[in-house]
Structures are given as structure tokens and as C-alpha cells.
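Reading the structure
These are the residues of each chain, in order.
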Amino acid sequence: MNQFRLYGKNKGEEGTGLCLVFNRSFFAKPGETSMIAVQKEEDDSSSGKETDMRRKLPLYWVLYYDCSSGRVHYTPACSEYSLNRDFNVCEDALKESERKKLQEIGKSLKNIRMLFECISEKAQKAALEMLIYLRHLVKDAAFKDEKELRILSLHPYNDQSSPLKVLEGKNCLSVGYLPVIHEGEEYLEKVIAGPKLRDFANLVDVAKFRLHRLGGKKKVEFCQSRAPLS
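Every chain's residues receive numbers from 1 upward, in the order its sequence appears when written. Selection of residues for local features in this predicted model requires a pLDDT of at least 70, selection of side-chain atom pairs for listing and counting requires 80 or more, and totals for whole chains, interfaces and linings are taken over all residues. Hydrogen atoms and water are omitted, and side-chain values are computed over all heavy atoms in the structure.

**Remarks on the pairing of strand 17 (residues 221-224)**
Only protein chains enter the accessibility calculation, which uses a 1.4 Å probe; a residue whose area is less than 20% of its type maximum is buried, one above 50% is exposed, and one in between is partly exposed. Strands here mean DSSP runs of E at least two residues long; helices mean DSSP runs of H or I at least four residues long; both are numbered from the N terminus. The alternating pattern of strand 17 places Phe 222 and Gln 224 on a buried face, while none of Glu 221 and Cys 223, on the opposite face, is buried. Where strand 16 (residues 188-193) lies against strand 17, four bridges are found, and the strand directions are parallel. Bridging from a neighbouring strand, Ala 193 pairs with Gln 224 of strand 17. Following DSSP output, two strands are said to pair if at least two bridges run between them.

**A word on helix 4 (residues 200-213)**
Note that an α-helix has 3.6 residues per turn; residues three or four places apart therefore point the same way. Helix span is expected to be 1.5 Å times the residue number reduced by one. Its 14 residues place the ends of helix 4 20 Å apart at the C-alpha level, agreeing with the 20 Å of an ideal helix rising 1.5 Å per residue. Looking only at helix 4, the buried set comprises Phe 200, Val 204 and Leu 211. Buried residues of helix 4, viewed axially, fall in a sector of 45 degrees; they line one side. Looking at helix 4, the residues exposed on the side facing more than 90 degrees away from the buried face are Asp 205, Arg 210, His 212 and Arg 213. Every residue pair with non-hydrogen atoms within 4.5 Å of one another is taken to be in contact. Elements in contact with the buried residues of helix 4: strand 14 (181-182), strand 16 and strand 17. Looking one or two residues beyond helix 4, the residue adopting positive phi is Gly 215, at roughly 100 degrees. The reported arc concerns the directions from the helix axis to the C-beta atoms and nothing else.

**Remarks on the sheet that holds strand 3 (residues 18-22)**
Judged by pairing direction, the sheet is mixed, and its three strands sit side by side in the order 3-16-17 without closing on themselves. Two strands lie at the open edges of the sheet, namely strand 3 and strand 17, each paired on one side alone. Each strand axis lies, on average, 15 degrees off the axis of its neighbour in the sheet, ignoring direction. Contacts from helix 4 reach strand 3, strand 16 and strand 17, with the element oriented near 160 degrees to strand 17. Inter-axis angles, ranging from 0 to 180 degrees, are taken between N-to-C directions of lines fitted to C-alpha atoms, where helices are fitted over the stretch in contact.

Shape descriptors only; they carry no functional weight alone.
In C-alpha cells:
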């Protein structure tokens, strides 16, 4: 709950936010596609109607990079592994499955570094912008205790059928995700409000009403965190 403070301030007052807790079936399994495809219906080609083929997006562990030592830290669940400056595995006593996973991460990072070094200095800034998806999967090692997971979805800019949406006035993009209630399955388990959120009871009433309108029948737990913001 220490992340609520990161929502910023409003008129000098500390901001707050909501933490949504979904069940595991909301996400795809590791290794499954992270693409969202849009295709035309085959049964009526004359209409040209497009069907949004939404797919569950998998979660990816964030890598933490220490620029002073050159090490990359990989922190899944309650464990932590490291890659050295050459992106080689540091630990000796590792399960074969974990070692193989770390070796694959190291190979990928080596390939990225090799490709980036081949780009001219003049074009490196533009190349860095093109790596925005990968940049979201790497954070400073100072935050490695967060053991953060993120969703990654790749979409072309020039595809008119892409689900990418430009948020007006915010200079950023968004992608529609699976509905909370999808094909009879209810994914939302719990809603945790930040400690400084006002009118919490009113928010609960509104949220329950909207979930009911969407066809939700499952009881969703609502609570307000009392964790300090310091």
C-alpha cells in the first residue's frame, strides 16, 4: 500500500488512489501471446465489420538495473537472482529451470546491447524511444524490493484497426484491457482504497451499482487502507 503516495498531489495535498485485485484467470499464462488482434468477420465479408479479438495479456517481471555495478537483478516472488556486467548468471546453486530462464534473459540483454551499439550516436535517442516497451520492464535497482509485475502489449502505430487510444491532453497512449466481467466470468476480487480517499462509502455504493449493471453477481470486497504514506 506504500504506492498510493505515488499518485501525486492536488493543491498541495497528498494524493491517493485505488488498488484493484484480480483473480489469476484475468491474466494469460507465461509464454502465451501478448498481442491483441482485430480481424474482420469471415461470415459476412460484405459488411466489413471488425471484431475485437481481445486476449488476456501475460504478466512480466520487472528487471532492476544497478548502473554502478552493471548488475541486473531478477526478483520473482520471494527469491532474487543476479546477472553480472556481462549479463551472465552470478549464482552457482540454482535449479536448472531457473538457470535456463536467467540465461535466456542474459542472452536477450546481450543482443539488445549489441544492436544498440551498432546504431550511430546521432540515431540513439530515436532508438531509445523505440524501445519504450522494454524500458517499462527495467527499473533502477533501488526499487528492487517492489518485485513489480507489468503487462506488455505490442501494437503498430500505423494500423488503423489497432486498439491503441491517444489520451487527449495527456501525451500518452492507452490500450483497452479485458472487461472486469467478461463472458460470464467475474475477475475482480477486491478493491482497496488509499487512506486519504474521501467519501469512501459513496465510492463503494457507486462501484457496486456499476458492477451490477455490468451483470456482476459475485460479492467484491471493498476496504480502505490505513497504511502510512511516509
